[in-house]
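One-letter residues, chain by chain:
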Amino acid sequence: MNRFKTSKYKNSTPKIPKKDGWIAGVRGGSFSSQGKHITSSCSLVAFNTDQAGGGMLGLTSVDAASDGKWTVTPISCHADLVTDLDFSPFDDSLLATCSADETVKLWRVCGPAQDQVSDAEVTLSPADGRLELVLFHPAASQLLAVASVRGVQVWDVTRDTALAVLQQHEDQLQGLGWKEDGSLLASSCKDRKLRLFDPRAQLSAVQCVQGHQGNRDSRVLWVKDDNLLTTGFNQMRQQEVRLWDSRKLSSSLSSVSLATSNATLTPLYDPDSGLLTVSGNGESVIDCFEVNSSEPFLSQVSHCLTDLSTRGMALVPKLALDVSCCEVLRLLQLSDNFIVPISYQVPRKAGQDFHADLYPDTAGHTPAMTAEDWWRGENKQVERVSLHPNKRPKPATPSAQEKKPKDLPRDKSKEETSTSSSPVSTPSSSAVPSRSPSSTSGLSSGFLPSPSPSQSSRAIQSMLGPSSKFRHIQGAVLHRDTHITNLRGLHLTTPGECDGFCANGQRVAVPLAIAGGQIAVFELSQPGKLPDTALPTIQNSVSVADFCWDPFDTHKLVVAGDDAKIRVWKIPKGGVTETMTEPECVLRGHTEKIYSIKFHPHASGLLASSSYDLTVRLWSLETGEEVKRLSGHQDQIFGMAWSPDGKLLATVCKDGKVRLYDPRKSTSPIQEGPGPEGHRGARVVWVCDGKYLLVSGFDSRSERQLYLFSAESLASGSVASVPADVSPSTLIPFYDPDTSVLILTGKGDTRVYAYEILPEAPYFMECSSFNSSEPHKGLCFLPKTECDVRDVEVARAIRLGKATIEPVAFRVPRVKKEFFQDDVFPETAVWWEASLTAAAWLSGSNGQQRKISLRPKDMTPVSEAPKEVPVRKYLPSSVYLEEKTDEQKKEELLSAMVAKLGNRDDPLPQASCEGVDEDEWDD
């Protein structure tokens, strides 16, 4: 939910150069393969070209020459199509290629202006048919992962046989990705499965789960920590990006749907900044996201439209970026005739000091281990280096650890591997030990067995995760005929503890910015434009601190003032028709300004108030006296709430504590626990039948957060929390106990959040939010009887705008609206009727409100709706497969044309019109 979380990369802007800044002389190949069509090292760029049937590559440099131009050189690589290519992360000039000619080759390439070698340094023959993907190991030298149509092999390029031949996939293999430390290998497949392999532990997948729902091409790569990212298609044929936690692959962490298209998405990820770019092959759109480790997992940074269609995309390594202009990412877009360098820059002062916050240390050019070390079970990260211009490591000659493959002892490898009959068994040499589970891989022994038929439904549910029936809840402002408009002089600076205005089923009270703390009261039954003249008001005589309607008397308004007094006003029938100056009664007792007031949910005339004197007092409106005084707060009381049964009172305080009181037993808190870390404001509400307390507040960084506390154990802290956004106003919560839907917004916000609250994990289930066109003062919710159940309206609110009062309906989209949706409309409590008196509650009695059904008498519950007989939606295939003669087709075509043109014998429309008499034409 944290969609407005501050990020130093959120303003990264793609810069597309003018055409003279493009790399020309490119003949991009349009051949179909699963691999990359372009790749880059810190100095060189290699790409597919359509020359020699795709067996040639183009080579150019990352940066232009001194004259601003690039030189493009062709290289003859294979006898057939080059399906994939990859530069070594430890050697800018070492290029690996694989081809449809079933070979893998390693090339020592040089600058495009120099003479290129004609022979490969190493040639590998996996003997597994056409090869589709080749990928260097990210941490160990001399290691390659090679993928054929259905299989994956791991090769030490100094040997003539594969170290490991992994289990065959059930269909076309489409994507391959190493984890950053090289311990695990992920693959995506046309069978829509996502697989994880630990090649050193076992040849079969350690995990295999359902991936994207669409059957078109997918891709996979590793991102932050243990997270995987895949691109593919959903059931609606929309392009989709999904984020997964490799430790729990049963369901994805997050997903983003893009356009409806057939273009395969190519994902590119920068682990230093967390920026992800995706682009479709054949499209001219590039989307950039920031990948986070918490909600929102995928937040969009930019949406870029390019001038050319994409044939392939490559990411320039971090060490080649221009840090002086705050360049955090550089893409190379391969098109039919050009390579377009696209630079993503953060708007900072360029050419000044090095911005260290934008450039954390990045992976260097020195491998962390050898292939033999990795095969023994070691897992090491590549040493990181600084991007500071004065601290960058100087280019060095290849070390003994990363020496040229042609100099490595290939003959010795042949002797060792000849002793083994299996291509996947390890050599007998102690340098390459027998296969054993990786010591650091937590997935080696945790692979998932195939589910049995009896487990299939549970497995599917587990994979999809929990779902809320209210996730598509829709908020909509009702027709203008129901609005009260031309509202003038609205008081916009009420205290943070006040909701800003209040409403019941009949009327709404609004504070005005007029001396004397005046309040206007409007009848909801009388919408329309207010007159320009002055309105009759309630003159409270002092500024309003908080006010609320008596839930059991729609004519009684209680107002707390800055003078530490509480005034009770009785609104006459028909509304306020003349200025009111005398309250019905005044409650005196607080010694300082009052924060907020709350009525008891069951007992009539029982009111709670909190004050700057750090006390909470209970009042009986019947006697006008204070009946209880609660203590224990050390600072400002932000909010308070009665429990649904009316037995307990919860408060949240600026001292960082949440407290629970039983006023009839003790004036001190019976429970106390840690609350929000921020001190800007908070609210509290009871949820889940009084088992939990929900607090909306701020964290230590002043970001809005929602916290859930167990009412039985406040001391243990929150059981769950959800980040919101960055805003100065406190989120004011409304909870509907019938649907368990929580609706929140703040004063001055334009967005209204909605969640379904659960008593068990995941606790918060985000639903669709409602956005208004302009900031509002807040929302006040009306009794459930105001909802239009025929339109599946689950909540009705009043929205206070700058000059309007507007009803807002929250509806759940349903198909069979002719039936009463009894699954979202259970019997509701009549909370607008008191169940006992204040005196009875104080003496120890507890009340319970009666419940009523919202079902209209003429509506049948949807649970009792007759079952529809399945109807064949499509004609049998025989109809479509039936062969028709040319004469039949001709006859059908002529009939269709005649039907469209109409019958020539039919009278014209004007023939049936009545004319005028001839004499009427005479002057």
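Parameters and conventions
- Residues numbered from 1 in each chain as written.
- Predicted model: local features only at pLDDT ≥ 70, side-chain atom pairs only at ≥ 80, totals over all residues.
- Heavy atoms only, no water.
- Pairing = 2+ DSSP bridges.
- Helix = DSSP H or I, 4+ residues; strand = E, 2+ residues; numbered from the N terminus.
- Axes fitted to C-alpha atoms, helices over the stretch in contact; angles between N-to-C directions.
- Core = buried A, V, L, I, M, F, W, Y, C linked by side-chain atoms within 4.5 Å.
- Buried < 20%, exposed > 50% of the residue type's maximum accessible area, 1.4 Å probe, protein only.
- Contact = heavy atoms within 4.5 Å.
- Phe/Tyr/Trp six-rings, centres within 6.5 Å; stacked < 30°, edge-to-face > 60°.
- pLDDT = per-residue confidence, 0-100.
- Salt bridge = Lys/Arg side-chain N within 4 Å of Asp/Glu carboxyl O.

Colleague: Tell me about the sheet that holds strand S51 (residues 683-687), and please be specific about residues and values.
Modeller: Read across the sheet, 4 strands follow the order S51-S52-S53-S54 without closing on themselves; strand pairing throughout is antiparallel. The two strands at the open ends of the sheet, each matched to only one other strand, are S51 and strand S54 (718-723). Between one strand axis and the next, the sheet turns through 20° on average, direction left out of account. Note that S51 and strand S52 (residues 692-698) share 5 bridges and pair antiparallel. Following the sheet pairing, valine 687 is matched in S52 by tyrosine 692.

Colleague: Tell me about unusual backbone geometry, and name the residues and values.
Modeller: The omega angle of the peptide bond from glutamate 295 to proline 296 is -10°, so this bond is cis rather than trans. Within the fold, proline 296 resides in the loop between strand S24 (285-291) and strand S25 (298-305). Cis geometry is found at the peptide bond from alanine 761 to proline 762, where omega equals 10°. Within the fold, proline 762 resides in the loop between strand S57 (751-757) and strand S58 (764-766). Phi angles above zero are rare outside glycine, and aspartate 689 is one such case at about 60°.

Colleague: Would you mind going over the nonpolar core in detail, with residue names and values included?
Modeller: Among soluble globular proteins, nonpolar side chains are generally buried collectively. In this structure, Ile38, Val328, Ile339 and Tyr344 are the most contacted members of the largest nonpolar core, which totals 38 residues. Secondary-structure elements contributing two or more residues to this core are strand S3 (44-48), S24, S25, strand S26 (312-315), strand S27 (327-334) and strand S28 (339-345). Among the elements that make up this core, the one with the highest residue count is S27 (5 residues). In this structure, isoleucine 339 is in contact with Trp22, Ile23, Val26, Ile38, Val45, Phe47, Leu332, Gln333 and Leu334, ignoring residues within four places of it in sequence. Core analysis: the next-biggest nonpolar cluster, separate from the first, contains 31 residues, Leu487, Val510, Ile538 and Val576 among them.

Colleague: Any details on the packing of aromatic side chains? Residues and values, ideally.
Modeller: In the structure shown here, the tally under the stated rule is 14 aromatic pairs. Between the aromatic rings of tyrosine 707 and phenylalanine 709, the centroid separation amounts to 6.5 Å while the plane-to-plane angle is 35°, which identifies the pairing as tilted. The exposure class of tyrosine 707 is buried, given its relative accessible area of 10%. The interplanar angle of 80° and the centroid separation of 6.0 Å between the aromatic rings of tyrosine 755 and phenylalanine 764 together place this pair among those described as edge-to-face.

Colleague: Lay out the sheet that holds S25 in plain terms, naming residues and giving numbers.
Modeller: Either a parallel or an antiparallel arrangement is found when strands of a sheet pair, and the pairing is made through backbone hydrogen bonds. Across the sheet, which stays open at both edges, the 4 strands sit in the order S22-S23-S24-S25 with antiparallel pairing between neighbours. Each having just a single partner strand, strand S22 (265-270) and S25 make up the two edges of the open sheet. Recorded for the sheet is a direction-independent mean angle of 20° between the axes of neighbouring strands.

Colleague: Help me get a handle on the pairing of strand S23 (residues 275-280), residues and values and all.
Modeller: In terms of burial, S23 is a largely internal element, 6 of the 6 residues being buried. Of the two faces of S23, the one holding Leu275, Thr277 and Ser279 and the one holding Leu276, Val278 and Gly280 are both buried throughout. In this sheet, S23 lies alongside S22 in antiparallel orientation, the contact comprising 6 bridges. Each bridged residue has a counterpart across the sheet, and for tyrosine 269 the counterpart in S23 is leucine 276. Across 5 bridges, S23 lies against S24 in antiparallel orientation. Within S24, the residue paired with leucine 276 across the bridge is phenylalanine 289. Taking the residues between adjacent antiparallel strands as the criterion, S23 and S24 are bridged by 4 residues, where glycine 282 takes a positive phi near 95°.

Colleague: An account of the confidence of the model for the protein is requested, with residue identities and associated values reported.
Modeller: Per-chain confidence: the protein averages 84 in pLDDT, with 86% of residues scoring 70 or above. Confidence scores differ between elements of the protein, with helix H2 (residues 410-417) showing the lowest mean pLDDT of 37 and S51 the highest of 95. Confidence drops under a pLDDT of 50 for residues 396-464, and excluding neighbours within four residues, the segment shows 113 contacts in the predicted structure.

Colleague: Quick one: what's the story with the pattern of salt bridges, residue by residue and with numbers?
Modeller: Within the structure shown, the criterion is met by 44 salt bridges. Here aspartate 91 makes a salt bridge to arginine 108, at a shortest N to O gap of 2.2 Å. Here arginine 108 lies in strand S8 (residues 104-108) and aspartate 91 lies in strand S7 (residues 91-99), a separation of 17 residues in the sequence. No difference in accessibility class separates aspartate 91 from arginine 108, as the two residues are buried. Two residues, arginine 704 and aspartate 749, come together in a salt bridge whose shortest N-O distance is 2.9 Å. Of this pair, arginine 704 sits in strand S53 (residues 704-710) while aspartate 749 is found in the loop between strand S56 (741-745) and S57, placing the two residues 45 residues apart along the sequence. With respect to burial, arginine 704 and aspartate 749 carry one shared label: buried.

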